[in-house]
Amino acid sequence: MDKDKDLLQQVKEIVSQCDRCGTCLPVCPLFGVKDIEASSARGKNNLARAMVEGGFAPDAKMLEKMNFCLLCRTCIDNCPSKVKTDEATIALRQYIADRTGGPGVKYRALGGMLKKTGLVKLSAGALGVTKKLGLGGLVPFGMAPSTLGREQYLARFAGPAALAGPSPASPAAVGADTKVAYFHGCGMRMMFPDAVAETLTILGTVTAVRQVDNVCCGLPHLAHGMRDDFLALAKENIRLFADADVIVSDCASCAGTLKHIGAYLADDPEWRDAAKAFSAKIMSLSEYLVKAGYRPRQRAGAKLTFHEPCHLGRGQGIKKEPRQLLKEAGDYVEMPGADTCCGGAGSFHIDYPEAAAAVLDKKQANIEKSGADIVVSECPVCLVQLNKAAEKSGGRFKVMHISQVL
Amino acid sequence: MITEAIKSKLRAVVGDENVLDTNLDRFGYSYDSSFIPLLPANNPDIVVRPLTTDEVSKVMVIANAHAIPVTARGAASGRTGGSIPVRGGMSLALDRMTRIIEFDERNMMVTVEPGVRTIDLYNHCAAKGLFYPPDPASWKFSTMGGNVAENAGGMRAVKYGVTNNYVMGLEVVLADGRVINTGGKAIKNVTGYNLTQLFTGSEGTLGIITKMTLRLISMPKARNTLQLMFPSLDDACATIHAMLQAGIVPAAAELMDKMSLQAVARHRKLDIDQAIEACVVIEIDGEDTAALDKQAEAIEKIARSLRVAEVRIAADAKEAEDIWAIRRGLSSAVGAMAPTRLGEDISVPRDAFPEVVRRIKKISETHGIPIAVYGHAGDGNLHPSVLCDLAKPGEEERVHKAVDEIFAVALEVGGTLSGEHGIGMTKRKYIASALGEDGVEVLKAIKLALDPKGILNPDKVW
């Protein structure tokens, strides 16, 4: 009951800051494809406020409205009052889930699967499980042929530097005795094992990277009304990484979530300090590489562009770093709207395929406009979406994780 | 109540997907950016989203036949409840009508539909070297239909005027569905009553504006921004006053009092000297940088003679943008200072500005309610923000007294209730004191002639 009150209070404090001015409407990617008020941040914030004030019941219909959000934070970036719509939306999903007997079969199944490291690690097994659960869209079966491996990439776009072989390991600016650990994201592990291998190779040139048998970052649980699971996973990860000085993730959503664990456990006297310390250690891959003074192994003759994951740019403020690295790795070109959400957004693209596809169409047009050979990103869900766009574009561009081109 | 039969007729006109009637979807069309409480919700019974004038006309025929209240809506960014369907009925959302129909470069005019956003119109014209000056603070998201219906102002009014100075002609769907055209591209036009100006600012009570032809001017070639900090609010006001009298007409002259300034400082994590009582942001424009330098020099001289503490002249576009960001973030920063902010919009003769600001400060002290004051000092339009917590016992009464007194002051010095937000719902009760009973009767007679069933945006303005 207290927990319910806390959630409602949290929602109330956030949404009552909304001045209803309307700044968020034209910038919301979802409003851009479904332009009714309820799609926008203003629409959701005021539905939430009316619900908190007793105007609406916290029922399945309200939950559906709250689920129709990419959590991309574009509204917050533009909002003059910086109303944290994503936090309010997440808290409200939790509140409604608690009241209506859980987050629903699908999210529970997904959450349950991601809680079990074993299942995630046995990626083939996990793929089978997801398929059985009707979550096939999350895992891109048949996507592999359209992705481009690092070897093929080098063969196709080898520039002069690439021919000269990999550059020597960079001296890490992050101290020599910094204990660096890698955080295995579920999405990366299940869907992009080649990119994970490249990440580990790159990290290996800078430092003696530790591998930890970590559990899920908990974002899918947090976002869909399974906050207890999220907190349990967070504590487990804090424990597992106690030894590390720096924890690197090549998934923007994992890094973004882990950086927020300190805030989510700030009221827990037992975990507060450890959580804060843990979050301070988290770095996204490109953030770490720039700090460590890493130089790409080659400069290829490929025209590269960057799709900035919401949870990297707006979520963590990491905007310059990936671009700086890519400028050294190839012929970098900035596409229009590089920081606009691709429509992936965790499981959003499975729940709302039409809206997600419409958002992605705009992204695809911008990638094509840039004339890039390769669109690079740093988040597995973005990569899934972008691969769909690449396929639809008839091979006009390919998609790679940043670790594969550096 | 709107019956299923009527709903099907409306669906047949605009298409199923452009009619919203679920409880949660309708709620999204029940509010605007005014301080009117969300609950009890002013839900429309139905939301209808037409795409063409023809669809609007057919919708109005149906509404008129069944006496269904119709409230037009653009982006719902208004500040006085103009687009709130206070009697239910239909929210007529015009935000799908986003065509720029004609750009007439030779006559320097543009014709647009009501759903075009102000910023998109501005950019469209600017790309061709022409200038649409009205710039309400909401210009990035507000729509032209709303701008014309509310006769929106903005920061450039001091030099360039407000929306109605640019409206040349309108296409209007009347309450019964007939379509008329008013005005046109002829600059001189005294054929019949000036209906164009009657519909402009009519707040959706006389007809539905479906097209507007707007006059453009040539784009100023050079612009710059100045920021003046004063230890005295009176000196700040006097500077603007003296400037205008000396023949220096800035493109904008915005004033913020100390409370507003400190709110922005907190919001944007700036450090602003507590000794500063007022800040004036001035935009100047002209032929070239030499012309700008001359203006800046003259302004600085006047400001120095009135004890300015700091003069900052933007060195480049980036610095100009930084200065303007302070002004643009103001409304939200001030709004965040208290649970409720009643943002008013009085407008007074220019020379009364310092007097009014002084008297508002006194009202604030008398009632013990913080009132932040900022506004378009160059044109006499002020936005006193009454900051309150209506949950406190006795607060509501104090606030209402303070607001009543603010309006009384505005009228006393020869000013009026609203400069640019309109009357809508929030200022209805004061209108007779501004216009007189007979004045209001004339408004009602016009309304009755154009909308005999009273279906267009009922319970607004008076």
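Asks: Explain the overall build of chain A to me, and be specific about the residues and the numbers.
Replies: Of regular secondary structure, chain A possesses 24 helices and eight strands. Each of the 406 residues in chain A was classed as buried or not, and the buried ones make up 59%. In chain A, 78% of the contacts between residues at least 6 apart in sequence involve partners at least 24 apart. For chain A, the exposed area adds up to about 15,600 Å²; of that, 54% sits on carbon and sulfur atoms.

Asks: Now, about the overall build of chain B: what can you tell me, with residues and values included?
Replies: A tally of helices and strands in chain B yields 16 helices and 18 strands. The C-alpha atoms of chain B give a radius of gyration of 23 Å, which matches the 23 Å a tight globule of 462 residues would have. Viewed in the frame of its principal axes, chain B has a C-alpha envelope of about 70 × 60 × 45 Å. Put simply, chain B has 462 residues, and 59% of those count as buried. The long-range fraction of contacts in chain B, counting pairs at least 24 apart against all pairs at least 6 apart in sequence, stands at 72%. Carbon together with sulfur atoms contributes 53% to the accessible area of chain B, which is approximately 18,400 Å² in total.

Asks: So what's going on with the interface of chain B and chain A? Residues and values would help.
Replies: Of the residues lining the interface, 31 residues belong to chain B; the matching set on chain A comes to 26 residues. At the boundary of chain B with chain A, total buried surface from both sides reaches about 2,200 Å², with 55% on carbon and sulfur atoms. Our enumeration of links across chain B and chain A arrives at five salt bridges. Of the charged contacts, one joins Asp35(A) and Arg49(B) as a salt bridge, the two residues approaching to 3.1 Å between their closest N and O atoms. The interface formed by chain B and chain A contains 14 residue pairs in polar contact (both at pLDDT 80 or more). Listing elements by their share of the side of chain B that touches chain A, those giving two or more residues are helix H2 (23-27) and helix H12 (330-335) of chain B. With four residues, the top contributor of residues to the side of chain B that touches chain A is H2(B). Classifying every residue of the side of chain B that touches chain A by side-chain character gives 13 nonpolar, eight polar and 10 charged.

Asks: Lay out the packing of aromatic side chains with the relevant residues and their values.
Replies: Each aromatic ring pair is described using two quantities: the centre-to-centre distance and the angle formed by the ring planes. Residues and elements named next belong to chain B. Evaluation of the coordinates by the stated rule reveals 13 aromatic pairs over all chains. The structure contains a cluster of three or more aromatic residues connected by ring pairs, namely Tyr122, Phe131, Trp139 and Tyr160. Over the ring of Phe103 we find Lys128, and its NZ or CZ is 4.9 Å from the ring centre. For Arg223, the ring lying beneath its charged end belongs to Phe131, and the centroid distance is 5.2 Å.

Asks: Describe the side chain of Asp135(B), listing the residues and the values that go with them.
Replies: Residues and elements named next belong to chain B. Looking at the element boundaries, Asp135 is found in the loop between strand E7 (130-131) and helix H5 (144-149). Given a relative accessible area of 9%, Asp135 falls into the buried group. Of note is the side chain of Asp135, whose polar atom sits 3.1 Å from the backbone nitrogen of Arg156. Every residue in contact with Asp135, bar those within four places of it in the chain, is listed here: Gly153, Gly154, Met155 and Arg156.

Asks: How would you sum up the nonpolar core? Please name residues and give values.
Replies: Core analysis: the biggest nonpolar cluster contains 86 residues, and Ile261(A), Tyr288(A), Leu289(A), Leu326(A) and Leu406(A) have the highest contact counts within it. Among the nonpolar cores identified, the runner-up in size contains 55 residues, and Ala236(B), Leu244(B), Ile360(B) and Cys388(B) belong to it.

Asks: Describe the environment of Gly145(B), with residues and values.
Replies: Residue and element names in this part refer to chain B. One can find Gly145 in helix H5. Through-space distance from the C-alpha of Gly145 to that of Gly115 is 6.2 Å; in sequence the pair is 30 residues apart. In this structure Gly145 touches Pro114 and Met212, once residues within four positions along its chain are discounted.

Asks: Explain the sheet that holds strand E1 (residues 19-20) of chain B to me, and be specific about the residues and the numbers.
Replies: All names here are of chain B. If you trace the four strands from one edge of the open sheet to the other, you get E1-E2-E4-E3, paired in mixed fashion. Every interior strand has two partners, whereas the edge strands, E1 and strand E3 (70-73), have only one. Alignment of E1 against strand E2 (residues 46-48), held across two bridges, turns out to be antiparallel. In the strand pairing of E2, Val19 is matched with Val48.

Asks: Run through the domain arrangement of chain B, naming residues and quoting values.
Replies: A common way to express how large an interface is: the accessible area buried when the components associate. Residues and elements named next belong to chain B. The domain architecture assigned to chain B consists of domain 1 (4-93), domain 2 (100-218), domain 3 (222-332) and domain 4 (338-422). For domain 1 versus domain 2, the separation of C-alpha centres amounts to 23 Å. The interface is formed by 15 residues belonging to domain 1 together with 16 residues belonging to domain 2. Both sides together, the interface formed by domain 1 and domain 2 hides about 1,100 Å², and carbon and sulfur atoms give 61% of it. Sorting the residues of domain 1 by area buried against domain 2 places Thr53, Met60 and Ser77 first, and these three jointly supply 37% of that buried surface. At the surface where domain 1 touches domain 2, the tally comes to zero salt bridges. The interface formed by domain 1 and domain 2 includes two residue pairs in polar contact (both at pLDDT 80 or more). Broken down by secondary-structure element, the contributors of at least two residues to the side of domain 1 that touches domain 2 are helix H3 (53-65) and E3. Among the elements that take part in the side of domain 1 that touches domain 2, H3 stands out by supplying six residues, more than any other. Of the residues belonging to the side of domain 1 that touches domain 2, the class tally is eight nonpolar, seven polar and no charged.

Asks: Can you break down unusual backbone geometry residue by residue, with the values?
Replies: Residue and element names in this part refer to chain B. Each neighbour pair has its own omega, and for Leu39 with Pro40 the value is -5°, a cis peptide bond. A positive phi angle is found at Met108, which is not glycine, with a value near 55°. Tracing the chain through its elements places Met108 in the loop between strand E5 (100-104) and strand E6 (109-112).

Asks: Can you explain the environment of Ala91(A)? Please cite residues and give values.
Replies: All names here are of chain A. Within the secondary structure layout, Ala91 lies in helix H6 (residues 85-99). Taking the relative accessible area as the measure of exposure, Ala91 reaches 0% and is therefore buried. C-alpha separation for the pair Ala91 and Lys388, spaced 297 residues apart in sequence, amounts to 31 Å. Contacts of Ala91, omitting those with residues within four sequence positions, involve Leu7, Gln10, Val11 and Arg227.

Asks: Go over the pairing of strand E12 (residues 222-230) of chain B, please, and point to the residues and values.
Replies: All names here are of chain B. Extensive coverage of E12 is indicated by the burial of eight of its nine residues. When E12 meets strand E14 (residues 278-286), the two strands line up antiparallel, connected through nine bridges. Residue pairing across strands places Phe230 opposite Ala278, the latter belonging to E14. Bridge count for E12 against strand E15 (residues 310-313) is four bridges, and the pairing is antiparallel. Looking across to E15, one finds that Gln227 is bridged to Arg312.

Asks: Go over the packing of helix H4 (residues 60-67) of chain A against H6(A), please, and point to the residues and values.
Replies: All names here are of chain A. At a closest axis distance of 10 Å, the pairing of H4 and H6 adopts a crossing angle of 155°. By the angle between their directions, the pair H4 and H6 is classed as roughly antiparallel. In this structure, H4 meets H6 at a crossing whose hand is left-handed. Residues Met62, Leu63, Met66 and Asn67 of H4 touch H6, and the partners they reach there are Thr89, Leu92, Arg93 and Ile96. Broken down by class, the residue content of the contact of H4 with H6 amounts to five nonpolar, two polar and one charged.

Conventions adopted
- Residues numbered from 1 in each chain as written.
- Chains lettered and ligands numbered in written order.
- Predicted model: local features only at pLDDT ≥ 70, side-chain atom pairs only at ≥ 80, totals over all residues.
- Heavy atoms only, no water.
- Helix = DSSP H or I, 4+ residues; strand = E, 2+ residues; numbered from the N terminus.
- Buried < 20%, exposed > 50% of the residue type's maximum accessible area, 1.4 Å probe, protein only.
- Contact = heavy atoms within 4.5 Å.
- Areas by Shrake-Rupley, 256 points an atom, 1.4 Å probe, with all protein chains shown as cover.
- Rg over C-alpha atoms; globule rule 2.2 N^0.38 Å.
- Buried area = accessible area lost by both parts, 1.4 Å probe.
- Salt bridge = Lys/Arg side-chain N within 4 Å of Asp/Glu carboxyl O.
- Polar contact = N/O pair within 3.5 Å; in protein donor to acceptor, adjacent residues only side chain to side chain.
- Nonpolar A, V, L, I, M, F, W, Y, C, P; charged D, E, K, R; others polar.
- Phe/Tyr/Trp six-rings, centres within 6.5 Å; stacked < 30°, edge-to-face > 60°.
- Lys NZ or Arg CZ within 6 Å of the ring centre and 35° of its normal.
- Core = buried A, V, L, I, M, F, W, Y, C linked by side-chain atoms within 4.5 Å.
- Pairing = 2+ DSSP bridges.
- Domains from an automatic or database assignment.
- Axes fitted to C-alpha atoms, helices over the stretch in contact; angles between N-to-C directions.
- Parallel < 35°, antiparallel > 145°, perpendicular 65-115°, else oblique.
- Left-handed = near helix turned anticlockwise from the far one by under 90°.

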